[in-house]
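What follows is each chain in one-letter form.
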Amino acid sequence: MRIPLVAGNWKMNKTVAEARDLVFKMAIQLREIRGVEKVLCPPFPALVAVSSLLVGTDIGLGAQNMHWEAKGAFTGEVAPNMVKEFCNYVIIGHSERRTYFGETDESVNKKVRAAQASDLTPIVCVGETLEQYESNQTGEVVARQMKLGLADTDPAQAARLVVAYEPVWAIGTGRASTADNAEGVVRDLIRPALTELFGADAAQSIRVLYCVSVTAANAAEYFARPEIDGALVGGASLKVDDFIEIAKAARASLMSKSMN
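Residues numbered from 1 in each chain as written. Predicted model: local features only at pLDDT ≥ 70, side-chain atom pairs only at ≥ 80, totals over all residues. Heavy atoms only, no water.

Looking at this structure, I do not really get the layout of surface pockets. What am I missing?
Roughly 470 Å³ of internal volume is contained in the largest pocket. Residue lining of the largest pocket: 20 residues in total, with M12, Q64, N65, R97 and F101 positioned closest to the centre. Top contributing element to the lining of the largest pocket by residue count: helix α4 (residues 95–101), with 4 residues. Looking at the second largest pocket, its volume works out to about 230 Å³. Lining the second largest pocket are 17 residues, with K11, V212, S213, G234 and G235 sitting closest to its centre. The residue makeup of the lining of the second largest pocket, split by class, is 8 nonpolar, 6 polar and 3 charged. (1 Å grid on protein atoms, 1.4 Å probe; cavity = no way out; pocket = protein on both sides within 12 Å on 5 of 7 lines; lining within 4 Å. Points joined across faces, edges and corners; volume = space filled by probe spheres on them. Helix = DSSP H or I, 4+ residues; strand = E, 2+ residues; numbered from the N terminus. Nonpolar A, V, L, I, M, F, W, Y, C, P; charged D, E, K, R; others polar.)

What is the right way to look at the packing of aromatic side chains in this model?
Between two aromatic rings, the relevant description is the distance of the centres plus the angle of the planes. Inspection of every chain in the model, using the stated rule, returns 3 aromatic pairs. With a centroid separation of 3.9 Å and 10° between ring planes, the pair formed by Y133 and W169 is classed as stacked. Here Y133 is found in helix α6 (residues 130–134), whereas its partner W169 is found in the loop between β6 (162–165) and α8 (179–198), with 36 residues between them in sequence. Taken together, a centroid distance of 4.3 Å and an interplanar angle of 15° make the contact between Y210 and Y222 stacked. Of this pair, Y210 sits in strand β7 (residues 207–210) while Y222 sits in helix α10 (residues 219–223), and the two are 12 residues apart along the sequence. Here the two residues Y210 and Y222 agree in accessibility, since each one is buried. Taken together through their ring pairs, the aromatic side chains of Y165, Y210 and Y222 make up a single cluster. We note R97 situated over the ring of F101; from NZ or CZ to the ring centre the distance is 4.3 Å. (Phe/Tyr/Trp six-rings, centres within 6.5 Å; stacked < 30°, edge-to-face > 60°. Buried < 20%, exposed > 50% of the residue type's maximum accessible area, 1.4 Å probe, protein only. Lys NZ or Arg CZ within 6 Å of the ring centre and 35° of its normal.)

Sorry if this is basic, but what is going on with the pattern of salt bridges here?
Close approach of charged atoms allows side chains of opposite charge to pair. Scanning the entire structure with this criterion turns up 17 salt bridges. The shortest N-O distance in the salt bridge between E103 and R97 comes to 3.2 Å. A relative accessible area of 10% places E103 in the buried class. Each member of the salt-bridge network shares a partner with another, and the members are R2, R191, E227 and D229. (Salt bridge = Lys/Arg side-chain N within 4 Å of Asp/Glu carboxyl O.)

Please explain the nonpolar core as it appears in this structure.
Looking at soluble globular proteins, one finds that nonpolar side chains tend to be buried together. In terms of nonpolar packing, the biggest core is built from 69 residues, with L30, L40, M146, V163, I190, L194 and F223 touching the most fellow members. Looking at this core element by element, the count peaks at 8 residues for α8. Those residues in contact with I190, other than ones at most four positions away along the chain, are V126, V142, M146, V163, Y165, V185 and V208. C41, Y89, L209 and C211 belong to the second-largest nonpolar core, a separate cluster that totals 13 residues. (Core = buried A, V, L, I, M, F, W, Y, C linked by side-chain atoms within 4.5 Å. Contact = heavy atoms within 4.5 Å.)

Which parts of the structure should I look at to understand helix α7 (residues 138–149)?
Owing to its 3.6 residues per turn, the α-helix aligns residues three or four sequence positions apart on the same side. Relative to the 16 Å expected for 12 residues at 1.5 Å per residue, α7 spans 16 Å between its end C-alpha atoms, a close match to the ideal helical length. All of the buried residues in α7 are T138, V141, V142, Q145, M146 and G149. With its buried residues spanning 125° around the axis, α7 presents them on a single face. Relative to its buried face, α7 has exposed residues pointing more than 90 degrees away, namely E140 and K147. (Expected span 1.5 Å × (residues − 1). Arc of directions from axis to C-beta.)

I would appreciate a short explanation of the pairing of strand β2 (residues 37–41) in the present structure.
Consecutive side chains of a regular strand alternate in pointing toward one face of the sheet and then the other. Within β2, 4 of the 5 residues are buried, which leaves it mostly tucked inside the rest of the structure. Alignment of strand β1 (residues 5–9) against β2, held across 5 bridges, turns out to be parallel. Across the sheet, residue L5 finds its bridge partner in β2, namely E37. Handedness of the β-α-β unit built from β1, helix α1 (residues 16–31) and β2 comes out right-handed. Examined bridge by bridge, β2 and strand β3 (residues 59–63) share 3 bridges and lie parallel to one another. From the neighbouring strand, V39 faces β3, where its bridge partner is G60. (Pairing = 2+ DSSP bridges. Right-handed = clockwise from strand over helix to strand, strands pointing away.)

Any chance you could explain the side chain of R191 here in plain terms?
Mapped onto the secondary structure, R191 falls in helix α8. Owing to a relative accessible area of 3%, R191 belongs among the buried residues under this scheme. Only 3.0 Å separates the side chain of R191 from the backbone oxygen of A203, close enough to count as a polar contact. Filtering out sequence-adjacent residues up to four positions away, R191 remains in contact with R2, V186, A203, Q204, I206, V208, E227 and D229. (Polar contact = N/O pair within 3.5 Å; in protein donor to acceptor, adjacent residues only side chain to side chain.)

Right, here's the structure in full:
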């Protein structure tokens, strides 16, 4: 059975001092939730401070982005080895990176391969926009993002790969992706694409998260679906009680699935 993963993407929020305060309030309770991988992804300036607070815990640390080159004249970028110095996870291909910073399936692929080469676990985001959703292009878009974004990646590291389904059309539109819809995309599109890339056994070992407006109120509904293995959490990860409840919901779903 795949171990649930709950990752908090803090995006461009929290100064270093604020990040320390949030981790102080959150870490003790997170440590008590067993059987679930918990990951915090603060902004780059806070990585060092948060890393020191997580020493000796089972809480992972992730970066929100990285460059694919090891070093060079790339002003404003961060290399894989710089991320690896503090982190074990890295988010790649988030819709905000694709939309605002011009990331493509090709650049996502370079970053995924660089992450694997640096022994980082990539959390790779895929998902369709509102226009694509309304044009019934979900299958085409997700299949393309999976095929191109994960091309020529290391099959030996497939089990450490994490995919996050991010229906962009449900962000800020007032239109939510139901748990049934999310699971359908994972079951009918993402899991088959992983099978084609890595084989059936490896595909079943890869965790697929749901990502978009996950809250303490709706997390359990998503986690109850057999194909959804956790969440990449945005705004709710900045609220101690909410993020704790989401992690607890992931733990409860694991217990329920193990009994079935």
